Amino acid sequence: MNTHHRTVAVVGAYGHTAAFVVAELRRRGLTPLLVGRDAARLDAAAQGRPGTVRVVSLDDPSSLDRALTGADAVINCAGPFAVTMLPVIDAALRAGIPYLDVAAEQAAILEAFRLRHRRAREAGVVVLPAMAFYGGLGDLLAGAAIGDWPDADEITVAIALDSWWPTEGTRRTARSNAGRKMAFTGGRLTAPEDPPRSYSWRFPEPVGVQRVIELSTADQVTISRHLRVPEIRVCINEAPLRDLSDPATPPPTAVDSHGRSAQTFVVDVVARRAGAGRRATASGRDIYAVSAPLVVEAATRIMDGRVDRTGVAAAGELFDAADFLRALDPAHLTFGAPDQADQPV
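Residues numbered from 1 in each chain as written. Predicted model: local features only at pLDDT ≥ 70, side-chain atom pairs only at ≥ 80, totals over all residues. Heavy atoms only, no water.

(A) Fine view of the environment of E111. Along the chain, the position of E111 falls in helix 5 (residues 106-123). Considering only alpha carbons, one finds E111 and D304, 193 residues apart in sequence, at a separation of 27 Å. If near-sequence neighbours (up to four positions away) are discounted, E111 is found in contact with L86 and R116. (Helix = DSSP H or I, 4+ residues; strand = E, 2+ residues; numbered from the N terminus. Contact = heavy atoms within 4.5 Å.)

Right under this line is the structure:
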């Protein structure tokens, strides 16, 4: 089914990541419907396009229902997602349209799986949380790395950022998420180690060996939903964490015509099984900008009818991981696909 001339509601449409999502929808010939609480900021984001703005109150279900009228899908970019996720999911279920978001909050994502999966299945609706740099990208790379293995002993998602210039939304989320972090070990979600483990990780060149610290992200939740693996580790190099903790670190600044910052990333995912290892990697620029092609590609595939399940799902449950990542390479990221032979890692 052709997705051209379709309308996608973007909640929180004047946020930093949302601006990339709106631009990507327009680039693909889809019509973004800008939804948010601030009429002036919505009008500015609409760039003079009439009829594409809906002012909404997220604590008023009828307001949300009016905002999603005429939409074929909704992408939620309004954090903190602990506050916005369930109300917008519920509005999408009432409207009978797919829901996607760019959340990175473990607790909110887990709540969506636990509290809305049955209702989404009954409604025949796809609900896809965490379809962004944290969560969606790592989940797809884990699926690509594990390949045709039926299970794995462990999966490590190793992230290297040359810097982290956080948005105000990221800072708000970090504050609201304090004390709600989880690790995945022994086949279950549990409290992480305190202090977190630190070790060296050899990233593909030119990044090379970096000192990394274990991190709690959406990836532990999404990967554990569908891959049979008892240990899921996520780690990140030290420099971006120093940036994030420093209140003087500036927000992202655009350096190209697409609005991307100069920040670069590498996500290196290794699956290990019975002494063998497999690796899949992705690299690119700007962790906020890359979330847009990830979530819009997912929305497009869902609206096209290229998924065969409903309910709350992780990216790897809905899509062929390698095929999805190849669709983004090279315009948005570089995907290093593993061959099917077991590799030394």
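(B) Quick look at the layout of surface pockets. Taken as a whole, the second largest pocket encloses approximately 320 Å³ of empty space. Contributing to the lining of the second largest pocket are 14 residues, with E24, R27, H258, R260 and H332 lying nearest its centre. Within the residue set of the lining of the second largest pocket, elements represented by two or more residues are helix 1 (16-27) and helix 10 (287-303). For the lining of the second largest pocket, the per-class residue count stands at seven nonpolar, three polar and four charged. (1 Å grid on protein atoms, 1.4 Å probe; cavity = no way out; pocket = protein on both sides within 12 Å on 5 of 7 lines; lining within 4 Å. Points joined across faces, edges and corners; volume = space filled by probe spheres on them. Nonpolar A, V, L, I, M, F, W, Y, C, P; charged D, E, K, R; others polar.)

(C) Up close: helix 12 (residues 321-328). Of the residues making up helix 12, those classed as buried are A321, A322, F324, L325 and L328. For helix 12, the buried positions fall inside an angular range of 160° around the axis, keeping them on one side. Buried residues belonging to helix 12 abut helix 6 (133-146), helix 10 and strand 16 (334-336). (Buried < 20%, exposed > 50% of the residue type's maximum accessible area, 1.4 Å probe, protein only. Arc of directions from axis to C-beta.)

(D) Here's a closer look at the side chain of D268. With respect to the helices, strands and loops of the structure, D268 is situated in strand 13 (residues 264-273). Overall, the relative accessible area of 0% leaves D268 in the buried class. Within the structure, the side chain of D268 is placed 2.8 Å from the side chain of W201, a separation counted as a polar contact. Beyond its immediate sequence surroundings of up to four residues, D268 is in contact with T156, V157, A158, W201, R202, F203, P204, R279, A280 and T281. (Polar contact = N/O pair within 3.5 Å; in protein donor to acceptor, adjacent residues only side chain to side chain.)

(E) Spotlight on the environment of G316. Position of G316 relative to the elements: it lies in helix 11 (residues 315-318). Along the primary structure G316 and T167 are separated by 149 residues, whereas in three dimensions their C-alpha atoms are 28 Å apart. Setting aside anything within four residues of it in sequence, one finds G316 in contact with D139, L140 and H226.

(F) Geometry of unusual backbone geometry. A cis amide bond links G79 to the next residue, P80, at an omega of 0°. Relative to the helices and strands, P80 is located in the loop between strand 4 (73-76) and helix 4 (81-95). Unusually for a residue other than glycine, A274 sits at a positive phi of about 50°. On the accessibility criterion, A274 (69% relative accessible area) is exposed. Phi is positive for D286, close to 70°, though the residue is something other than glycine. When you line up the elements, D286 lands in the loop between strand 14 (276-285) and helix 10. With relative accessibility at 1%, the residue D286 sits in the buried group.

Any link to function would need more than the numbers given here.
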